[in-house]
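Breakdown of the fold
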Amino acid sequence: MNRRDALRYSLGLGVAALACPALATTSRFNIGACDWSIGSAGAIDAFAVARQIGLDGVQVSLNTVADHDHLRKPEVLQAYKEAARQAGVGFGGLAIGLLNTIPYKSDPRTDAWVQDSIDVARALGVKNVLLAFFSNNDLRNDKKGQQVVIDKLKAVAPKAEKAGVTLGIESWLSAPDHRALIDAVGSPAVKVYYDVCNATVEGYDIFREMRELGTDLICEVHLKENGFLLGKGKIDLVKVRQTLDEIGYTGWLQIEGAIPKGQPILASYIENNRTVRTLFG
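My aim in this report is to walk through the structure given alongside it, one point at a time. (Residues numbered from 1 in each chain as written. Predicted model: local features only at pLDDT ≥ 70, side-chain atom pairs only at ≥ 80, totals over all residues. Heavy atoms only, no water.)

1. Focus on the environment of proline 188
Note on placement: proline 188 falls in the loop between helix 7 (175-185) and strand 6 (190-195). Counting along the chain gives 122 residues from proline 188 to alanine 66, while the straight-line C-alpha distance between them is 33 Å. (Helix = DSSP H or I, 4+ residues; strand = E, 2+ residues; numbered from the N terminus.)

Below, the structure is given as structure tokens:
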């Protein structure tokens, strides 16, 4: 964090957390990272890496291109639990990034993935499952695809509600379009997985969007930059913190991306973790 950001932080939020790191123990936030950002998607060594970084948890991938079942296999699930225990690192969340390649909106194989992700989430003790809607699964300007997704989510939502698991939609859609889709599903178990970088890339006012969606519709947050360390790129993290305070968000903040070109993952994420804990501790 540079001197300008430190000054803005002290003016906007107070200097208590900066002056007393011990206050981090009372933080409303847990800090994690996506397994695909600190290594390869579906790599079990993510927990050991997360421990080196100093993270609270890892957002793990349900499956991968090489293994469509992965965490749906009991033996793999158990191995993950043991790896997390040995590293002393928690499960920060669950994600189905493979939906970008094999779309939920058009491929029937994905129905079982989303259904089973609820069981895996319960087994891991996580509350949110990220459903990715990019690349082949993009919902922009695709009313037919959106309706398919609405119908599928209507069918699976009762199971998620009963399990206490939220299905989080991460997509290029705007806040109003997200709200319209979620309203059409009509379930409290379907919300927005908000990525501050993706929304910025699309030209949305992320602070207005987060206020508009609020905690009623935001289940979890990605802190991301493309090609920059956190705090060094386009995202005003100080204002993100202020906005999350305004809407009363608590829970996981997952770091994604935020690696400058040519820089090592571990060193970059140690710095990203330090920045996030300074601003959100």
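2. Quick notes on the packing of helix 10 (residues 237-247) against helix 11 (residues 265-280)
Relative orientation of the contacting elements helix 10 and helix 11 amounts to 45°, with a least axis distance of 10 Å. Overall, the two elements helix 10 and helix 11 adopt an arrangement that is oblique. Regarding helix 10 and helix 11, the two cross each other, and that crossing is right-handed. Here helix 10 contributes Leu237, Val238, Val240, Arg241 and Leu244 to the contact with helix 11, which in turn contributes Thr275, Leu279 and Phe280. (Axes fitted to C-alpha atoms, helices over the stretch in contact; angles between N-to-C directions. Parallel < 35°, antiparallel > 145°, perpendicular 65-115°, else oblique. Left-handed = near helix turned anticlockwise from the far one by under 90°. Contact = heavy atoms within 4.5 Å.)

3. Brief notes about the packing of aromatic side chains
Enumeration according to the criterion identifies six aromatic pairs in this entry. The interplanar angle of 80° and the centroid separation of 5.1 Å between the aromatic rings of phenylalanine 134 and tryptophan 172 together place this pair among those described as edge-to-face. Here tryptophan 172 lies in the loop between strand 5 (166-171) and helix 7 and phenylalanine 134 lies in the loop between strand 4 (128-133) and helix 6 (143-163), a separation of 38 residues in the sequence. Put simply, the rings of Phe29, Tyr249 and Phe280 touch in pairs and so form one group of aromatic residues. (Phe/Tyr/Trp six-rings, centres within 6.5 Å; stacked < 30°, edge-to-face > 60°.)

4. Comments concerning the sheet that holds strand 4
The strands making up a sheet associate through hydrogen bonds between their backbones, and the pairing can be parallel or antiparallel. The parallel closed barrel is built from eight strands, whose spatial order is 1-2-3-4-5-6-7-8. Between one strand and the next, the sheet's axes are offset by a mean angle of 30°, whatever the strand orientation. Bridge count for strand 2 (residues 57-61) against strand 3 (residues 90-96) is five bridges, and the pairing is parallel. Among the inter-strand pairings, glutamine 59 is bridged to a residue of strand 3, identified as glycine 93. Those strands touched by helix 5 (residues 109-124) are strand 2, strand 3, strand 4 and strand 5, and its axis lies near 180° from that of strand 3. The strands touched by helix 9 (residues 206-217) are strand 6 and strand 7 (218-225); relative to strand 6, the strand with the most contacts, the crossing angle is about 150°. (Pairing = 2+ DSSP bridges.)

By themselves, these are just geometric observations and shouldn't be taken as functional.
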